[in-house]
Amino acid sequence: MKQPLTIPQNDFIREELKKDAFALRVDHVQPNVNIQDRINEASLHLKNIFQDIRKEGKIQLEKIVLIKAKVAPVIAEAAMNPDIYSLFDEPHADNEYTYWHNIGVGIIATYLGMKLGLSKENLSALTLAAMLHDVGKTRISDNIVEKPGKLNEAEYEDMKRHAIYGYELLKNIPGIPPSIALTALQHHEREDGQGYPLGLSGKDIHLHAKIVAIADVFHAMSSNRVYHQAMPFYKVIEQMNRDMFSKFNPEILMELVSRLMSTLVGKEVMLTNGRFGTIIMIDPYNPLKALLKTGTEIIDLRMEKEWQIERHRLMEKSPIIKNRALRHSALPNQNRF
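Values in this document were obtained by computation on a predicted structure and should not be read as measured data.

Analysis parameters
- Chains are numbered independently. Their residues run from 1 in the order of the written sequence.
- At least 70 in pLDDT is required for a residue's local features to be given in this predicted model, at least 80 for side-chain atom pairs to be given and counted, and no such filter applies to totals for whole chains, interfaces and linings, which use all residues.
- To get the side-chain values, take all heavy atoms of the structure and skip hydrogens and water.
- A run of H or I in DSSP becomes a helix once it reaches four residues, and a run of E becomes a strand once it reaches two; helices and strands are each numbered from the N terminus.
- Any two residues having at least one pair of non-hydrogen atoms within 4.5 Å are treated as being in contact.
- Reported accessibility uses the Shrake-Rupley method at a 1.4 Å probe radius. Residues are deemed covered only where the shown protein chains occlude them.
- Side-chain rings of Phe, Tyr and Trp, where Trp is taken by its six-membered ring, are said to pair if the distance between their centres is within 6.5 Å; with planes under 30 degrees apart they count as stacked, over 60 as edge-to-face, and otherwise as tilted.
- Burial classes follow relative accessibility: with a 1.4 Å probe on protein chains only, a residue under 20% of its type's maximum area counts as buried, one over 50% as exposed, and anything between as partly exposed.
- Each reported salt bridge corresponds to a side-chain nitrogen of Lys or Arg within 4 Å of a carboxyl oxygen of Asp or Glu.
- To form a nonpolar core, buried Ala, Val, Leu, Ile, Met, Phe, Trp, Tyr and Cys residues must be joined to one another through side-chain atoms within 4.5 Å.
- pLDDT runs from 0 to 100 and stands for how confident the predictor is about each residue.
- Only strands joined by at least two bridges in the DSSP assignment are considered to pair.
- The convention used is that axes are lines fitted to C-alpha atoms, helices contributing only their stretch in contact, and that angles between N-to-C directions extend from 0 to 180 degrees.
- For classification, angles of less than 35 degrees are called roughly parallel, those exceeding 145 degrees roughly antiparallel, those between 65 and 115 degrees roughly perpendicular, and all remaining angles oblique.
- In a left-handed crossing the near helix is turned counterclockwise from the far helix by less than a right angle, and in a right-handed crossing that turn is clockwise.
- Think of it as three bins: nonpolar holds Ala, Val, Leu, Ile, Met, Phe, Trp, Tyr, Cys and Pro, charged holds Asp, Glu, Lys and Arg, and polar takes everything else, Gly as well.
- What a helix should span is 1.5 Å times the count of its residues minus one.
- Each polar contact in these results corresponds to two N or O atoms within 3.5 Å; when the atoms are within protein, one needs to be able to donate a hydrogen and the other to accept it, and residues that are neighboring in sequence are counted only if both atoms are side-chain atoms.

Novice: Explanation requested: the overall build of the protein in the structure shown.
Specialist: On a plain count of helices and strands, the protein comes out with 13 helices and 5 strands. At a minimum sequence separation of 6, the contacts of the protein that also span at least 24 residues come to 69%. Surface exposure of the protein reaches about 15,600 Å², of which carbon and sulfur atoms provide 51%.

Pasting the structure below:
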């Protein structure tokens with residue numbers, strides 16, 4: 001287990017950095033230039049497949065084969081990139097969020113599965129389950145899925161049925177493991193039994209569904225969607241940390257948070273006060289309160305209670321996203337996730 005940084009250690013590093021006594025080590029690589037293009041292409045493949053499923057009302061085995069051949073390899077490659085957060089910055093049309101979201105959840109879930117040490121076969125099944133977790137939405141009206149506002153009670157009840165619809169679409173497909181259909185059914189279940197559609201809890205929820213649930217909510221909160229803009233990075237992490245011992249499996253969630261924060265070492269981030277700094281060290285027990293260097297100044301966020309990490313530099317909004325109107329100012333309703 002990683003040992004937390006002590007105040008004396010931080011003080012020593014602060015003084016040495018002021019003297020430029022040692023250079024910052026950066027062990028993380030930037031995403032492959034071509035991987036974003038491949039992700040976009042994979043999203044288009046998934047869009048076409050989902051549209052066919054909507055028209056036909058069922059999933060042909062050939063569609064699963066196509067996903068495994070055209071989409072899954074891209075997911076696996078993207079999940080190997082340690083800076084997975086930067087893979088989700090690409091702007092997309094509002095009505096294509098569903099397809100992009102399935103790709104994003106696939107990448108995060110596969111990344112988590114790798115870090116949790118899943119076997120190759122298990123990891124392959126998890127990737128497929130993550131890409132298809134929302135396939136039941138093909139049976140939900142576009143007017144509901146793409147509604148630019150809060151769903152009313154009847155619409156929300158209809159939306160919740162996508163978990164059951166997904167299970168029904170997947171359960172009888174030959175040659176795929178039962179976990180694929182179970183993940184579609186259970187990815188909105190929660191550890192405390194307060195999820196849907198069955199109100200399952202803890203051990204009754206499949207491991208893949210637990211992983212996909214975390215990837216699903218993390219990607220949803222971090223993304224611009226038709227009814228809300230992306231939440232600031234620190235709010236995403238804070239919210240998920242609050243849910244660690246109630247809604248989500250703590251071991252899986254801690255793995256995601258610690259891995260994400262470690263990828264930010266050596267990266268420039270923007271603070272909530274508008275200043276930029278480079279993260280030089282992360283406290284594994286309080287990852288949001290990092291040690292940063294801003295020019296010649298060292299900032300210890302543990303000492304600055306009002307300052308938080310707003311976003312990392314790569315996540316600064318593109319002109320396309322920047323020009324979007326904020327349709328609703330309220331924070332995202334997790335029921336939509």
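The structure having been displayed, the exposition proceeds.
Novice: I tried to follow the packing of aromatic side chains on my own but got confused; where do I start?
Specialist: Where two aromatic rings form a pair, the distance of their centres and the angle of their planes describe that pair. Applying the stated criterion to the full structure yields 1 aromatic pair. Measuring from centroid to centroid gives 6.2 Å for phenylalanine 50 and tyrosine 99, while their planes differ by 85°, and the two rings are edge-to-face. Pair noted here: phenylalanine 50 is in helix H2 (residues 35-56) and tyrosine 99 is in helix H4 (residues 97-115), with a separation of 49 residues, a long-range link. No difference in accessibility class separates phenylalanine 50 from tyrosine 99, as the two residues are buried.

Novice: How do you make sense of the pattern of salt bridges when you look at a structure like this?
Specialist: Note that side chains of opposite charge can pair when their charged atoms are close. Taken as a whole, this structure holds 13 salt bridges when the rule is applied. Ionic pairing is found between arginine 302 and aspartate 300, a salt bridge with its closest N-O pair at 3.2 Å. Among the residues examined, aspartate 300 registers a relative accessible area of 7% and is labelled buried.

Novice: I'm lost on the nonpolar core in this one. Help?
Specialist: By size, the foremost hydrophobic cluster in this structure holds 42 residues, and its most contacted members are Ile214, Phe218, Met240, Met261, Ile279 and Ile309. Counting residues per element, this core draws most heavily on helix H10 (residues 207-222), which supplies 8 residues. Phe50, Ile53, Val74 and Leu128 belong to the second-largest nonpolar core, a separate cluster that totals 32 residues.

Novice: What exactly am I supposed to notice about the side chain of lysine 63 here?
Specialist: Mapped onto the elements of the fold, lysine 63 is located in helix H3 (residues 61-79). Apart from the residues lying within four places of it in its own chain, the contact partners of lysine 63 are Ile49 and Asp52.

Novice: Please clarify how helix H9 (residues 178-186) should be interpreted in this entry.
Specialist: Every α-helix carries 3.6 residues per turn, so stepping three or four residues along brings you back to the same face. Of all the 9 residues making up H9, 7 are buried; the element is thus mostly covered by neighbouring parts of the structure. For H9, the elements touching its buried residues are helix H5 (120-131), helix H8 (162-170) and H10.

Novice: Which parts of the structure should I look at to understand the confidence of the model for the protein?
Specialist: The predicted coordinates should not be examined in detail at positions where pLDDT is low. Mean pLDDT for the protein: 81, with 77% of residues reaching 70 or above. Ignoring residues within four places in sequence, the model shows residues 16-31, a span with pLDDT below 50, making 32 contacts including any to other chains. Contacts for the low-pLDDT stretch residues 315-335, under 50 throughout, to residues beyond four places or in other chains number 37 contacts.

Novice: Is there a simple way to think about the pairing of strand S3 (residues 291-294) in this case?
Specialist: Note on strand geometry: in a regular strand, side chains alternate between the two faces of the sheet. Two strands pair when backbone bridges link them, and strand S2 (residues 276-281) and S3 are joined in this way by 3 bridges, in the antiparallel orientation. Paired with isoleucine 279 across the bridge in S3 is leucine 292. Of the strand pairs in this sheet, S3 and strand S4 (residues 297-300) are connected by 4 bridges, and their pairing is antiparallel. Its bridge partner lying in S4, lysine 293 is registered against isoleucine 298. Hairpin geometry of S3 and S4 is characterised by an intervening segment of 2 residues between the two adjacent antiparallel strands and by a positive phi of about 65° at glycine 295.

Novice: Explain the packing of H5 against H10 here, please?
Specialist: Two quantities define a packed helix pair, namely the angle between the helix axes and the distance between the axes. Two elements in contact, H5 and H10, have axes separated by 10 Å at closest approach and are oriented at 50°. Between H5 and H10, the crossing angle belongs to the class labelled oblique. Note on packing geometry: the crossing formed by H5 with H10 is right-handed. Counted together, Asn122, Ala125, Leu126 and Ala130 of H5 and His208, Ile211 and Val212 of H10 form the full contact between these two elements. Counted by class, the contact of H5 with H10 contains 5 nonpolar, 2 polar and no charged residues.

Novice: Looking at this structure, how should I read the pairing of strand S1 (residues 268-271)?
Specialist: For S1 and S2, the ladder comprises 3 bridges, and the chain directions are antiparallel. Within the sheet, the bridge partner assigned to methionine 270 lies in S2 and is phenylalanine 276. Count of turn residues in the S1/S2 antiparallel hairpin: 4 residues, of which glycine 274 carries a positive phi of about 90°.

Novice: Looking at this structure, how should I read the packing of H3 against H4?
Specialist: Following both chains from N to C, one finds H3 and H4 inclined at 55°, their axes separated by 8 Å at the closest point. One finds that H3 runs oblique with respect to H4. When the axes of H3 and H4 are compared, the crossing they make is right-handed. Contacts between H3 and H4 involve Val71, Ile75, Ala78 and Ala79 from the former and Ile103, Gly106, Ile107, Thr110, Tyr111 and Met114 from the latter. Residues of the contact of H3 with H4, tallied by class, amount to 8 nonpolar, 2 polar and no charged.

Novice: Mind showing me how you'd approach helix H12 (residues 250-262) here?
Specialist: Taking 1.5 Å of rise per residue, the 13 residues of H12 would be expected to cover 18 Å, and the 18 Å separating its terminal C-alpha atoms lies within 8% of that figure. Considered for burial, the residues of H12 that qualify are Ile252, Leu253, Glu255, Leu256, Val257, Leu260 and Met261. Backbone nitrogen of glutamate 251 and a side-chain oxygen of the N-cap are separated by 3.1 Å at the start of H12; the cap is asparagine 249.

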